[in-house]
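A closer look at the structure
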Amino acid sequence: MKLYISRIILGVFLLSTQFIFAQHLSKSQFKVKGNCNMCKERIENTAKKAGAKTATYSIDLQTLTLETDNVISTDDILKKVAEAGHDNEKFKAIDATYEALPGCCHYDRDLQPKTIESHDHHSKKENEFYVKGNCESCKARIEKAAKDAGADSAEWNAETQTVILNFDPEKTSSDKILKKIAEVGHDNEKYKSNDNTYKNLPACCLYDREIPFGEANPKVHTEESTTSEDTDHNDHHATNNNHEKQIEGVTVTGSKAATSLNKKEAGLIFNIDKKELLKAACCNLSESFETNATVDVSFSNAVTGTKQLKMLGLDQKYTSLTKELLPEIRGLASAYGLNFIPGRWIESIQLTKGGSTVTNGYESITGQINTELLKNAEKPETSLNLFADFNGRAEANITNISKINDKWSQTFLLHGNGTFGDTDMNDDGFLDRPKGTQLNTAYLLNYNDLEKSGFGSHFGINFIKDERTAGQMGFDKKIPQDKQSLYGVGIDISRFQVWNKTGYVFKGKPYQSLGWMNQYTYHQQDSFFGLRNYSGKQQTYYSNLIFESILGNTNHKYKAGASFMYDGYDETYLTDNYKRNETVPGAFAEYTLTGLKYTLVAGARVDFHNLAGTQFTPRLNFKYDFTPQTILRLSAGRGFRTANIFAESQQYFASNRNAQILQNGGNIYGLKPEIAWNYGASLQQEFKLFGRKSAIVADFFRTDFQNQVMVDLDLSPQQLTFYNLEGKSFANSFQTQWDVIPFKNFDVRLAYKYYDVQADYLNGRRQVPFMAKHRGFVNLAYSTNKNTTGGFWSFDTTLNWVGKQRLPNTSTNPEEFQLPAYSESYAVLNAQISRNFNKKIRAYLGGENLTSYYQKNAIVDFKNPFGNYFDGGMVYAPIMKANFYVGLDVTF
C-alpha cells in the first residue's frame, strides 16, 4: 500500500513538474528581415542556439515566432539574430555583417528597431499607452475620449502612436480611459475597437490595424518615416511632406517629394525629387526629364537649338506648365520658357498625366507639369554649382536658403550661363546651338504662422535677361542683317515676374482653409531670323481664390473658388502687327469623395472668355485600390486654350516658308480656340522580385480635338499654313513602365511607348509629323554605400530609342532638297558618373548622345539660306554628336 501511494505521489509530482514547466513556456512573435530559405535557416538556427525552445521564421510575413522559457530573454535571442546579419524590431545588424551576407540575402533595410540601439528609440513612460491613429482628427478624437472618461489631460503623439494620460486613480483608471478610446474607434494596447465603429471613421483616420503596436505608422509622414510610396504631394495642394497644416494653392512650407508615382492621388501624378535631377546634367527644365519615361524631349530647331517637351503624343503647348502652381510657360514664352527655370533651382516637380484639377485652370489638355522652387532647409544653406561642357558652354548657380526668425524664411537664387564656343559638328556652316548669355535671379520670402494665427504667405520676384545669336559661323550680330551676306538669328528676351500666395487655416478647423494667389508677368522678345523680324510683348495678370472645406466629415471634401486671367499681347511679324487683350473671369467647384478603397474627384469650371466665349470645363478622376498593391485609375476631362500661332511656331521662322492664316471668323488671328477631350485609364501593380520592391504601371490615354488650330507643313515646302480643324484629330498614347531593383542600390527603369497621332488636314488624314509611333526607354542607376563621411559614387545611364517618324512633304522641291517620307530610327545614350566626397562636396562627369547619332540633313539647302528651299525647321533627331561635361556642387 505504501509503495502504491508512493508511486501515486511520484506520478503527481512528475505531472505537476511538467505542467509548471509548460506554464513557463511563452510564445511571442517579432518582425525580422530576411529574403530567402538561406535566411530562414540562418535565423532559426541562430535563435535556437541562443536558447529558444522553438523558432519558426516566415519569409512571406517577415516574422519570427519564438517559444522560450524564463531562463532566456527574447531580447538576447533577437540580439543574436541581429549579430547574424538580420535586422529586427529590437536590434539592427551592423553594416559589415549585413554586407557579408550572400547576395540573395540582401533584404530591404527599411525596418527601424525600437530599442536603444536604434536612432528611432522610443521609451514608454508611466501612464503612456499605445493608441493607433493617423492625423489631427484622430488626435482630437482620442484626447476628447480620454477626457470624457475622466482624464485630467491627454496628449496623443502621431509619430510614436502613444497617448500620455494624467488622471486621478481615485476617479478613473487607465483601463476605463483606454476602453473609451476604443469605443470611439481607436485600437490600443488593451482594447480593440468595434469593426463598425472603425469603418465609420473618416477616410483620413483609417489606420492600418495590422501594424504591431510600437511600429511606425507609414501614414504618419515624419522626415524619418516618409517613403517613396507614401509621400503625399498634390497637384493642387501646397507642397508639404511634413504634414503641417496646408492651404489650398499656397505653399508656405515644403520638403522632399518622392521620385515615384503618388499612390494616394486619384490622378496619375509622378513626383520628381531634386535627387532625381542630379542623375543628369539638368541645367534647365527642358533637361530635367532625361531619366523620366513619360515626357519626350526633342530639339525643335536646328538654328535656335531650343528643346520642346511632348506628352501623350502631343506638343508642349497642350500641357499646362506651371511654377509654384502659377501659369508659367505659355504665350510668348512657349518657345524658350523651358530655359528660364535652372535645374539647380528646382526642389521638386509634380507631373500629372491626363486631366488635372479644375482649380488650376482650363488650359490643361494632356496634363500638367508643376515646378516647385527651393524654399526649405533644416538649417541655413548656401550652395554653389559650376558646370562646363567640352564645347564652350558654362554656367554657375548660387542658391541660399535661410531663416530670418521662427516665422520668416528667405531664398536667394542666382543663375548665369554662357555659350561661347563655335560648334558645327555636321559641317554645314551653321552653329549647332546658339551662342549667348543668360542672367537669371529670383528672391523668395516665406511667412509661416499656420499653427498659431493660421496665416501663411509666399512671395516671389524673378528677373531674366537672355540673349542669343545663331546662324552661320562668322555672323556678326552687331552688323544689320541686310549689310552682311551671312545668315543670322538674334533673339533677345527680357522677363519680369512678381507673385504672392497667401492663405488662412480656420481656427479649430484644420480641414478648412482659404487661399489667394496673384501673379504679374511682363515678357518681351525682340528677334530676327535672317531678313524676317518677329517681336512681341505680353503682360499677364493672374488671380485665383480657393476655399476648401468638408461636408460632414473628411470623407467628403470640396473646393470652390473664382479666378481671373488677363493677357495683353502685342506682336509684330514682318510688317504685320497683331494686338489682342484676353480677359477671362471664371468660377469652379470640385468635390472629393473618399472611401475605404476608392477616391473620386469630380470638378467643373465655367470661364467667360471675351474672345473665345463661355467655356465649360468638366473633369473627373477616379481611383480604386483592389489591394494596396493593385490600383486602377480612370480619368476624363475637357480643356481649351487660345493658340499663339507665331510664338509657338518659331522653330519654322528660320526658313523660307511664308506664314499664311486661313481665317474662319474667330477672334484670335481670325481663328477659333482649341478645345479637346482627354480620357485615360491606368493600372499600377506592385510586387516583390528578388525580395525587393518592384512595380509595373500601364496606362492608355486618348485625346480627341473638338477644334484645333492646325499647323500645316505639307501644303507646300514654302508655306507655313494655319487654319482650324475640319474633321477629326486624335492622339492615342499607350505606355508601360517597369521599375525593379535587382540588387541593393541598383535601380532599373524600363518603358515602352506607342503613339498613334492623326489629323484631318486640308489634303486628307495623315499622321502628325515628327512623332514616332514606337519609343523605348532604359534607365539604370547604381550607387555605392555611403562611407563614414557621407561619401559615395553614383553611376547613371539612360538609353532612348526612337522609331521612325513621318516627315513633312517636300516632294515639290528639287530632288536634292527633298526629305524622305519617314526618318530612320535611332538611339541616344546619356551617362553620368558622380562622386560625393562628403555631404558638402560633389563632382560629376557626364556624356550626352554617346551614340553620336545626329541628323545630317538638319538644314535643307544650308548653302543658300536666303533661297527658296532653305528650311531649318525639319528636325527629328539630335543636332550635335557626343558632348561631354563636368560639374561641381559645393554646399556651405
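Just so we're clear, the structure is a prediction, and the values are computed from it rather than from any experiment.

Bringing the pairing of strand β19 (residues 435-449) into the picture now. Regular strands place their side chains on alternate faces of the sheet. Bridge count for strand β18 (residues 408-419) against β19 is 12 bridges, and the pairing is antiparallel. Counterpart to N417 in the pairing with β19 is Q438. Bridge count between β19 and strand β20 (residues 455-471): 15 bridges; the pairing is antiparallel. The residue of β20 that forms the bridge with Y443 is I461. Count of turn residues in the β19/β20 antiparallel hairpin: five residues, of which G454 carries a positive phi of about 90°.

Moving on, we come to the sheet that holds strand β32 (residues 709-712). Here we have three strands laid out as an open sheet, ordered β29-β33-β32, and mixed in their pairing. If you trace the sheet from one side to the other, it starts and ends with β29 (658-662) and β32, each paired once. Averaged over all pairs of adjacent strands, the angle between strand axes in this sheet comes to 20°, irrespective of strand direction. Alignment of β32 against strand β33 (residues 719-724), held across four bridges, turns out to be antiparallel. Its bridge partner being in β33, V711 is matched across the sheet by F722.

Below, the discussion takes up the confidence of the model for the protein. In low-pLDDT regions, the fine details of the predicted coordinates are not to be read closely. The pLDDT averaged across the protein works out to 88; a share of 90% of its residues lies at or above 70. Segment residues 221-246: pLDDT under 50, and 95 contacts once partners within four positions in sequence are set aside and those in other chains are kept.

On to the nonpolar core, then. Burial of nonpolar side chains together is a common tendency in soluble globular proteins. Counting residues in hydrophobic clusters, the biggest one holds 44 residues, and the most contacted among them are F529, Y534 and I645. Secondary structure elements with two or more residues in this core: β20, β21 (488-505), β24 (553-573), β33 and β39 (826-836). Listed in part, the 43 residues of the second largest apolar core include L309, L326, I401 and V584.

Another aspect to go through is a nonpolar patch on the surface. Judged by side-chain polarity, F390, L845, L850, F884 and V886 come together as a nonpolar surface patch covering roughly 430 Å² of accessible area. As for its position among the elements, V886 is in strand β41 (residues 883-891).

Attention now moves to the side chain of T399. Among the secondary structure elements, T399 is positioned in strand β17 (residues 393-403). Given the relative accessible area of 7%, T399 is considered buried. Not counting chain neighbours up to four residues away, the residues in contact with T399 comprise R344, W345, L374, E381, T382, S383, F412 and L413.

Alignment of β20 against β21, held across 17 bridges, turns out to be antiparallel. Each residue of the ladder has a partner; that of A470, found in β21, is V489.

Before going further, it helps to spend a moment on the pattern of salt bridges. Any two side chains of opposite charge can pair, so long as their charged atoms come close to each other. Counted by the stated rule, this structure contains 48 salt bridges. As a salt-bridge pair, E287 and K307 come within 3.9 Å of each other at their nearest N and O atoms. Of this pair, E287 sits in the loop between α8 (274-277) and β9 (296-299) while K307 sits in strand β10 (residues 307-311); the two residues are 20 residues apart in sequence, bridging distant segments of the chain. For the residue pair E287 and K307, the accessibility class agrees, reading buried in each case. R749 serves as the salt-bridge partner of D739, at 2.8 Å between the closest nitrogen and oxygen. Of this pair, D739 sits in strand β34 (residues 729-743) while R749 is found in strand β35 (residues 746-761), placing the two residues 10 residues apart along the sequence.

Quick notes on the rules
Residues numbered from 1 in each chain as written. Predicted model: local features only at pLDDT ≥ 70, side-chain atom pairs only at ≥ 80, totals over all residues. Heavy atoms only, no water. Pairing = 2+ DSSP bridges. Helix = DSSP H or I, 4+ residues; strand = E, 2+ residues; numbered from the N terminus. Axes fitted to C-alpha atoms, helices over the stretch in contact; angles between N-to-C directions. pLDDT = per-residue confidence, 0-100. Contact = heavy atoms within 4.5 Å. Core = buried A, V, L, I, M, F, W, Y, C linked by side-chain atoms within 4.5 Å. Buried < 20%, exposed > 50% of the residue type's maximum accessible area, 1.4 Å probe, protein only. Patch = residues over 30% accessible without salt bridge, like charges linked within 9 Å, V, L, I, M, F, W, Y side chains within 5 Å. Areas by Shrake-Rupley, 256 points an atom, 1.4 Å probe, with all protein chains shown as cover. Salt bridge = Lys/Arg side-chain N within 4 Å of Asp/Glu carboxyl O.

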